[in-house]
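Listed here are the chains, written in short residue letters.
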Amino acid sequence: MPVQAEGEKYLCSICGNEVVVTHAGGGTLVCCGEDMQKTDE
């Protein structure tokens, strides 16, 4: 899922890393070789 907006939160389902988007560049976030999942928090 490409990053769309500032403030979105993403979570790695493998290691638990969390990312909060500060600048949306439209790319896909990857951690531990897998796409990160967008959270609703």
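Residues numbered from 1 in each chain as written. Predicted model: local features only at pLDDT ≥ 70, side-chain atom pairs only at ≥ 80, totals over all residues. Heavy atoms only, no water.

**Comments concerning the sheet that holds strand S5 (residues 37-39)**
Next, step 1: Taken in spatial order, the three strands of this open sheet run S2-S1-S5, and their pairing is antiparallel. Strands with a single pairing partner mark the edges of an open sheet, and in this sheet they are strand S2 (18-20) and S5. Sheet twist, expressed as the mean angle between neighbouring strand axes with direction ignored, is 35°. (Pairing = 2+ DSSP bridges. Helix = DSSP H or I, 4+ residues; strand = E, 2+ residues; numbered from the N terminus. Axes fitted to C-alpha atoms, helices over the stretch in contact; angles between N-to-C directions.)

**Describing the side chain of glutamate 8**
Next, step 1: Summarising the element assignment, glutamate 8 is placed in the segment before strand S1 (9-11).
Next, step 2: Judged by relative accessible area, which is 9%, glutamate 8 ranks as buried. (Buried < 20%, exposed > 50% of the residue type's maximum accessible area, 1.4 Å probe, protein only.)

So yeah, pure geometry; function would need other evidence.
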